[in-house]
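What follows is each chain in one-letter form.
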2 protein chains.
Amino acid sequence: MKNEILFKCNYSNNDAKNELYSKIVEERNYIGYYNLPEQNIDEILEFADDFDDSIENIVVLGIGGSSLGAKAIYEFLRPVKSLKRKLYFFESTDPLNIASTLKELDINKSHFLIISKSGSTVETISIFKYIYAPNPDANSYTFITDRDSNLDKFAKSIGSKRLYLPSNVGGRFSVLSPVGLIPLALCGVDIKSLLSGAKDVSDSFFKKQDIYEPIMNKAHYYAKHSRCYIINCTFAYTETLKYFSEWYVQLWGESLGKKQKNAVCNTGLTPIGLIGPKDQHSFLQLIMEGKTDKTVTFIKVANFEHELYIPPITLKHLESLDILNNVPFHKLINMQSDSVLEALKDTEDIPLDEIIIDRVDENSIGSLIYYYELLTSLVGQLLGVNTYDQPGVEAGKIILKDKLTKV
Amino acid sequence: MKNEILFKCNYSNNDAKNELYSKIVEERNYIGYYNLPEQNIDEILEFADDFDDSIENIVVLGIGGSSLGAKAIYEFLRPVKSLKRKLYFFESTDPLNIASTLKELDINKSHFLIISKSGSTVETISIFKYIYAPNPDANSYTFITDRDSNLDKFAKSIGSKRLYLPSNVGGRFSVLSPVGLIPLALCGVDIKSLLSGAKDVSDSFFKKQDIYEPIMNKAHYYAKHSRCYIINCTFAYTETLKYFSEWYVQLWGESLGKKQKNAVCNTGLTPIGLIGPKDQHSFLQLIMEGKTDKTVTFIKVANFEHELYIPPITLKHLESLDILNNVPFHKLINMQSDSVLEALKDTEDIPLDEIIIDRVDENSIGSLIYYYELLTSLVGQLLGVNTYDQPGVEAGKIILKDKLTKV
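Residues numbered from 1 in each chain as written. Chains lettered and ligands numbered in written order. Predicted model: local features only at pLDDT ≥ 70, side-chain atom pairs only at ≥ 80, totals over all residues.

Trainee: Could you give an account of the overall build of chain A, with specific residues and numbers?
Mentor: For chain A, the helix and strand inventory stands at 14 helices and 12 strands. A globule of 407 residues ought to have a C-alpha radius of gyration of about 22 Å, and chain A, at 22 Å, matches this closely. Along the three orthogonal principal directions, the C-alpha set of chain A runs to about 65 × 60 × 45 Å. Buried residues in chain A amount to 56% of all 407 residues. Taking all contacts inside chain A whose residues are at least 6 apart in sequence as the whole, residues at least 24 apart take part in 78%. (Helix = DSSP H or I, 4+ residues; strand = E, 2+ residues; numbered from the N terminus. Rg over C-alpha atoms; globule rule 2.2 N^0.38 Å. Buried ≥ 20, exposed ≤ 12 C-beta atoms within 10 Å, placed from the backbone. Contact = placed C-beta atoms within 7 Å.)

Have a look at this one:
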């Protein structure tokens, strides 16, 4: 992948840059996600290889960091790849959603992955109870959780298979751990290639190669201007990245929306995931003529490898649109991206950059994911927040527990 | 539906209120969407009644305002209603998306609705050419556009059925016009009930009944504080409103993100559509501890009418979660909404309100849609923008046309 920054960067202070780089190198010693591209995946590959061929559906019971990553990658690849099994998600307590998802499933051909880092996620455990009570065969379930969590102990007690995510890998940074790799491997996703895409970006950054300058400059600009450019939009010109947007929103919002260390100030940057050309007919007007409080990152696919041409027919009264004739759609969509980028550039007020991924494959999405994780860590350092916790969500959980106790 | 405002409103100036109300009453004379609940739908009902029973799929070729509304309503109702036909959308030039949507369709059992107000939308016409070239049977297509647009003339020339949206109804306000009603009626949605839900809110507002005070106060607060509370989140506790969120984002962003009349200032409010409880595990942290620049509207369903209970089983080591036992999911999800609302209330910094819709049915979604259209018009008036145009999206279109001409 390539990243080109189109706004003026003035992060020329090499000492500051080196200090930031050193902090990330140091973080790498105790924050686990950095090293996931190098993990040993033999156990996962073996688990997937030996898996029961009669199972057609892999069903994830998980929410937030336990589902968004695998969903992003699965939905990205689905239009181009004949996958081995279908992947389903239960990620809501909405009874209509639970009922309609269940209706689609043949339970006897399904295997359930219960994914919860803490092991006590209310949504996940309530749905698990609902499914498990009438289907108590321990072999139908695999548990992915922190070692020694109560969920781990429960799984052990019934004799189900258990897999762990490293304890120093947070939920929203866990897509390249067993949390994402297990469901994806079971569906036939090439997880080796996924990790190798991530490793490309990791190597490039830590060896100060191609990605180093643009990502450092971008992080610095975003943090420095976090009080005026408070919204960071991604504008991906492919429907395949729709769920990647949701993953990005969690990663960015939950990591950076924090009280600052040693200060009473709340800070944060608001993520918005747009999809082109659809959102040209929706959010674009607000970017063009709304407040100039947004940055925009265009994401393009270099090679769609799918040759669909607009047929050279003339429609009476619509002759002016003959300019579309013989244009391949993959070229049209990238021209649309370029046109909007140029139009926004002309405003001179909106910080823009462009990411180009090679193709719709495992390697590319692995790179894109690692790039955004790294960018989040960099901006978190510069904003002076703890990128890896989420204390703000506890209050609601405590109130809910109280309400449930009183039922 | 009910709307309760939980922040302190000080819109006590009755003259100002009456002036705003008068402006809306005046707008109603020339802005068409206000009166859609009272339109005559005989032609649409007849069209749907007489429709070929062998057609199983209704396929919308449209983007932005031509697709988001019908999609929002269709996806809202789908989990509760056995619909007569399936609804598909082509709303991207992504070749992978076009190919994979086509793969799902039996063309011989499909009818295509080509929806474009202007009649020259690049995305819609290019996909139409792609489908029409090998399938040139005029009976397979119905066109919904402005009367006398070039698309209307083309449709006439090939002898296809045409339907019109009133010329004074803008794309993003067109869901209750034939743009939304035709695809929905063909799928068996009760469009009478949909309009009657909208009419409830319209009557309530224009007769200064229940909805009048909360919606006026909310609009006033949002506009007055548009420089500090720049982001307006909806937080809907049901998966069924997922695509309603996308409709809301277009409506709000494209209507309000504007240069102000008689001023050089850009203004606007940024919409974000959240879904609970999922986004408790994503965006919530940013609301709780990020910058206090967001308002939040909780949307709850009063009656899910779907009795799913969490079974009363005890999981070893997870006994603390026995508090979930026997709780119905519809109660749990609303308790989750209440808990997060209370937690946010405790911060005292975040303007909150709550909308409760009765149930997942046509009447409720009709009300919710009209409420948001009305709120948009009110805020637009108070921000001093033209709520109904979208001049900012033209620049990119011109650049694209130029690029296409040079291909």
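Now that the structure is up, let's keep going.
Trainee: Now, about the relation of the copies chain B and chain A: what can you tell me, with residues and values included?
Mentor: Superposing chain B onto chain A takes a rotation of 180 degrees combined with a translation of 0.0 Å along the rotation axis, leaving an RMSD of 0.0 Å. The transformation just described matches what one would write down for a two-fold rotation axis. In terms of proximity to the rotation axis, the leading residue of chain B is Ile272 of chain B, whose C-alpha is 4.0 Å off the axis. With an isologous cut-off of 70% or more, the 100% of interface residues of chain B that recur at the interface of chain A puts this contact in the isologous class. (Least-squares fit on C-alpha atoms with pLDDT ≥ 70 in both.)

Trainee: Can you tell me about the domain arrangement of chain A, naming the residues and giving the values?
Mentor: Residue and element names in this part refer to chain A. Annotation of chain A at the domain level lists domain 1 (2-28 + 195-391) and domain 2 (32-189). Its C-alpha centre places domain 1 at a distance of 28 Å from the equivalent point of domain 2. Domain 1 puts 23 residues into the contact, and the matching count from domain 2 is 23 residues. Those elements giving two or more residues to the side of domain 1 that touches domain 2 turn out to be helix 8 (191-206), helix 10 (242-256) and helix 13 (362-383). Residues that form the side of domain 1 that touches domain 2 fall into these classes: 12 nonpolar, 4 polar and 7 charged. (Domains from an automatic or database assignment. Nonpolar A, V, L, I, M, F, W, Y, C, P; charged D, E, K, R; others polar.)

Trainee: Account for helix 13 (residues 362-383) of chain B, with residues named and values stated.
Mentor: All names here are of chain B. With 22 residues, helix 13 should reach 32 Å at 1.5 Å per residue; the first-to-last C-alpha distance of 32 Å fits that figure. Most of helix 13 sits out of view: 20 of its 22 residues are buried. Among the residues trailing helix 13, Gly384 stands out with phi positive, at a value near 70 degrees. (Expected span 1.5 Å × (residues − 1).)

Trainee: Please give an account of the sheet that holds strand 12 (residues 352-359) of chain B that cites residues and values.
Mentor: Residue and element names in this part refer to chain B. Spatial strand order, 1-12-11-7-10: 5 strands in an open sheet with mixed pairing. Every other strand in the sheet has two partners, leaving strand 1 (2-5) and strand 10 (270-275) as the edge strands with one partner each. Within the sheet, the average angular offset between the axes of one strand and its neighbour, ignoring direction, is 20 degrees. As paired strands, strand 1 and strand 12 are joined by 4 bridges and run antiparallel to one another. Directly across from Ile5, in strand 12, lies its bridge partner Asp353. Contacts from helix 12 (residues 329-347) reach strand 11 (294-303) and strand 12 within the one sheet, and its direction differs from that of strand 11 by about 155 degrees. (Pairing = 2+ DSSP bridges. Axes fitted to C-alpha atoms, helices over the stretch in contact; angles between N-to-C directions.)

Trainee: Residue-level account of the environment of Leu368 of chain B, with values.
Mentor: Residue and element names in this part refer to chain B. Here Leu368 lies in helix 13. Note on Leu368: 26 C-beta atoms within 10 Å, which makes it buried. Sequence-wise, Leu368 and Trp247 are 121 residues apart; in three dimensions their C-alpha atoms are separated by 11 Å.

Trainee: An account of the interface of chain B and chain A is requested, with residue identities and associated values reported.
Mentor: Interfaces are often sized by the amount of accessible area the parts lose when they come together. Listed per partner, the contact involves 97 residues of chain B and 97 residues of chain A. At 11 residues, helix 12 of chain B tops the list of elements feeding residues into the side of chain B that touches chain A. Classifying every residue of the side of chain B that touches chain A gives 45 nonpolar, 34 polar and 18 charged.

Trainee: Now, about the packing of helix 3 (residues 68-77) of chain B against helix 7 (residues 178-186) of chain B: what can you tell me, with residues and values included?
Mentor: Residue and element names in this part refer to chain B. One way to put it is that helix 3 packs onto helix 7 with a least axis distance of 8 Å and a crossing angle of 40 degrees. The orientation of helix 3 relative to helix 7 falls into the category oblique. Considering the relative orientation of helix 3 and helix 7, their crossing is right-handed. Each of Gly69, Ala70, Ile73 and Tyr74 in helix 3 lies in contact with helix 7, whose residues at this interface are Val179, Gly180, Pro183 and Leu184. Counted by class, the contact of helix 3 with helix 7 contains 6 nonpolar, 2 polar and no charged residues. (Parallel < 35°, antiparallel > 145°, perpendicular 65-115°, else oblique. Left-handed = near helix turned anticlockwise from the far one by under 90°.)

Trainee: Describe the sheet that holds strand 6 (residues 161-164) of chain A, with residues and values.
Mentor: Residue and element names in this part refer to chain A. As summarised here, the arrangement of the 5 strands in space is 3-2-4-5-6, forming an open sheet in which the pairing is parallel. Only two strands of the sheet have a single partner each, and these edge strands are strand 3 (86-90) and strand 6. In this sheet, adjacent strand axes meet at a mean angle of 20 degrees when their direction is disregarded. Note that strand 2 (residues 57-61) and strand 4 (residues 110-116) share 5 bridges and pair parallel. The residue of strand 4 that forms the bridge with Ile58 is His111.

Trainee: An account of the pairing of strand 3 (residues 86-90) of chain B is requested, with residue identities and associated values reported.
Mentor: Along any regular strand, the residues point their side chains to alternate faces of the sheet. Residue and element names in this part refer to chain B. Judged by how many residues are buried, strand 3 sits mostly within the fold: 4 of 5 residues are covered. The sheet contact formed by strand 2 (residues 57-61) and strand 3 spans 5 bridges and is parallel. Pairing of Ile58 across the sheet is with Leu87, part of strand 3. The parallel pair strand 2 and strand 3 is bridged by helix 3, and the resulting crossover is right-handed. (Right-handed = clockwise from strand over helix to strand, strands pointing away.)

Trainee: Can you explain the packing of helix 9 (residues 212-224) of chain B against helix 13 of chain B? Please cite residues and give values.
Mentor: Residues and elements named next belong to chain B. Packing of helix 9 against helix 13 leaves a shortest axis separation of 9 Å and a crossing angle of 45 degrees. By the criterion of interaxial angle, the relationship of helix 9 to helix 13 is oblique. The interaxial crossing formed by helix 9 with helix 13 has right-handed handedness. Contact residues: helix 9 offers Ile215, Met216, Lys218, Ala219, His220, Tyr222 and Ala223, while helix 13 offers Tyr371, Leu374, Leu375, Leu378, Val379, Leu382 and Leu383. The residue makeup of the contact of helix 9 with helix 13, split by class, is 12 nonpolar, 1 polar and 1 charged.

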